[in-house]
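Commentary on secondary and tertiary structure
Each chain, letter by letter, is given below.
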Amino acid sequence: MNVFGADLAQGIPDKGSPMWTLVATDDSGTITEIRRPSSLPGLVAEIAALTGGNPFLLGVNIPVAIPARPTRSRPFEGVLRKKFGSRIQVGQRPEERRITGEQLLGALASAGHACLTYPDRNSHNSGLAEIHPGPALKGLLWIGSRVGAGLTDDDREPYCRSYKVPLYRRTDIRGRTGREEIASTLDLLIRSLTPIRGYDFNPVLEALASVERDEDADLAASLFDASVIAGTARRHLETPESCVFVGERETGYTILPSDDYLRRLLLPAPSGRRGKLFPQASLEESLRKIAEVRSPDLLAVRGKPRKMQAVFREIPCYEFENVDEMLWWKRCRHVGGPVLPTDGLVELSVSLEEDAGSLNLERSRHTALSFRFHSPAAWRALMRPRDNKIYRFRVLRASYETEAT
């Protein structure tokens, strides 16, 4: 799949002075093409020429998904602002000259390149990915940081929120800022990010070597943003567990690099409630695209819940904090793959390692959603109970009880 990054946040370019940047990457993340489209049709034409008819993932820093009902901001923007200390442009109030996600999707569809509003994890369909350089850069700089590492998550949050990314766009900096300040800030950022695999900043360094005017510095900053977007899009496509998908596909989202702490910080904890049982038809409908669903019961008995079993084609991946003799769902976080429906969930067959055998989790009697490690001996062969470590597991099979007919 072709992976592109596009900096489109600076408004529709004036004639003769393109301010958009499109970059294409190869399988290693190296930037192979740099284009400077000056219009929406020109942007679509460049993408069409570079894809060769193959599906693609285009990372952009403009709002892609917006709620149907007008609001001042999308829900995930508040999460980033309050918990992460990172602000992005408001998704509901685009400037008159700013391109919108709907316009981009429409232009791509008209050219025969219909896209999903989110990345297709199977790489079968083209899609957009909303990625904002500010939060993405903060995530990259924070990963591996020792700031507050010895504190609890709650005590560490203010340190993470206060962690600042230097500003390098003239539109973001108050007062007069020249090419010298922009170039030096970009150089320091690239020096900090160079050890991170999958991000190619060599074209930006080449651009900085020949900055003579303020406009040259602006173009280098735009190229830097496009490079961050492309690198994060490929990172999410290849190793989704190293990123966090903040928000919802329908109401707005953004993707940024993360570690275990950032996922705990930015993703909502599961409610843990025991939901009502699924009707059999709605359970099959919700799982049909990602799993083979069948019933182990030979006969359906009227008035008795029926068991259904889902064997996943696209594997859900979660992680949990090992703090008890049971696995509490409120201490689990979704890492990759489809989200698992929990209403009526009674048993899970999982693996802790990519090639390890399957282990069982059986629903406990607690009102809050939780599972017993079954059998305990099989689990203890791989981990100590209550060691407070974080373990990742892949859901191979799930069993449900559906509503009685």
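To start, this report covers the structure provided alongside it. (Residues numbered from 1 in each chain as written. Predicted model: local features only at pLDDT ≥ 70, side-chain atom pairs only at ≥ 80, totals over all residues. Heavy atoms only, no water.)

1. Observations concerning the nonpolar core
Ranked by internal contacts, the top residues of the largest apolar core, which has 37 residues, are Leu186, Phe201, Leu208 and Phe224. Of all the secondary-structure elements, those providing two or more residues to this core are α4 (133–142), α6 (179–193), α7 (202–208), α8 (214–238) and β7 (252–257). Take this core: its biggest share by element is eleven residues, from α8. Membership of the second largest hydrophobic core comes to 29 residues, among which are Leu283, Trp329, Leu352 and Leu369. (Core = buried A, V, L, I, M, F, W, Y, C linked by side-chain atoms within 4.5 Å. Buried < 20%, exposed > 50% of the residue type's maximum accessible area, 1.4 Å probe, protein only. Helix = DSSP H or I, 4+ residues; strand = E, 2+ residues; numbered from the N terminus.)

2. A word on the side chain of Asp214
Looking at where Asp214 falls in the secondary structure, it is placed in helix α8. Residue Asp214 is classed as buried on the basis of its relative accessible area of 16%. Dropping the residues within four chain positions of it, Asp214 is found in contact with Arg170, Gly178 and Arg179. (Contact = heavy atoms within 4.5 Å.)

3. Describing the packing of α4 against α6
How two helices pack is summed up by the angle between their axes together with the distance between the axes. Relative to each other, α4 and α6 sit at 50 degrees, their axes nearing to 10 Å. As judged from the angle between their axes, α4 and α6 are oblique. Seen along the crossing, α4 lies across α6 with a hand that is left-handed. Judged by residue contacts, Leu137, Leu140 and Leu141 of α4 engage Leu189, Ser192 and Leu193 from α6. Classifying every residue of the contact of α4 with α6 gives five nonpolar, one polar and no charged. (Axes fitted to C-alpha atoms, helices over the stretch in contact; angles between N-to-C directions. Parallel < 35°, antiparallel > 145°, perpendicular 65-115°, else oblique. Left-handed = near helix turned anticlockwise from the far one by under 90°. Nonpolar A, V, L, I, M, F, W, Y, C, P; charged D, E, K, R; others polar.)

4. Description of the pairing of strand β10 (residues 317–321)
The buried count for β10 comes to five of five residues, which makes it a mostly enclosed element. Both faces of β10 are covered, namely the face carrying Cys317, Glu319 and Glu321 and the face carrying Tyr318 and Phe320. With four bridges connecting them, β10 and strand β12 (residues 332–336) associate as antiparallel partners. Each bridged residue has a counterpart across the sheet, and for Phe320 the counterpart in β12 is Cys332. When β10 meets strand β16 (residues 390–402), the two strands line up antiparallel, connected through five bridges. What sits directly across from Glu321, in β16, is Ile390. (Pairing = 2+ DSSP bridges.)

5. Describing helix α2 (residues 75–84)
Among the residues making up α2, those that are buried are Phe76, Glu77, Gly78, Leu80 and Phe84. Looking at the buried residues of α2, the elements they touch are β5 (127–130), α4, α5 (153–162), β6 (243–248), β7 and α9 (260–266). Of the residues trailing α2, Gly85 is marked for its positive phi of about 65 degrees.

6. A short note on the pattern of salt bridges
Enumeration over the complete set of coordinates arrives at 25 salt bridges. With a shortest N-O distance of 3.1 Å, Glu319 and Arg333 are connected by a salt bridge. With Glu319 in strand β10 and Arg333 in strand β12, this pair connects stretches of sequence that are 14 residues apart. For Glu319, a relative accessible area of 1% puts it in the buried group. Assessed through its relative accessible area of 6%, Arg333 is described here as buried. Between Glu319 and Arg392 there is a salt bridge, with the nearest N and O atoms lying 3.3 Å from each other. (Salt bridge = Lys/Arg side-chain N within 4 Å of Asp/Glu carboxyl O.)

7. Here's the deal with a positive patch on the surface
On the surface, a cluster of positive charge is made up of Arg81, Lys82, Arg87 and Lys164. Following the sequence through the fold, Arg87 ends up in the loop between α2 and α3 (101–110). Residue Arg87 is classed as exposed on the basis of its relative accessible area, which comes to 68%. (Patch = residues over 30% accessible without salt bridge, like charges linked within 9 Å, V, L, I, M, F, W, Y side chains within 5 Å. Areas by Shrake-Rupley, 256 points an atom, 1.4 Å probe, with all protein chains shown as cover. Lys, Arg positive; Asp, Glu negative; His and termini not counted. Charge placed at Lys NZ, Arg CZ, Asp CG, Glu CD.)

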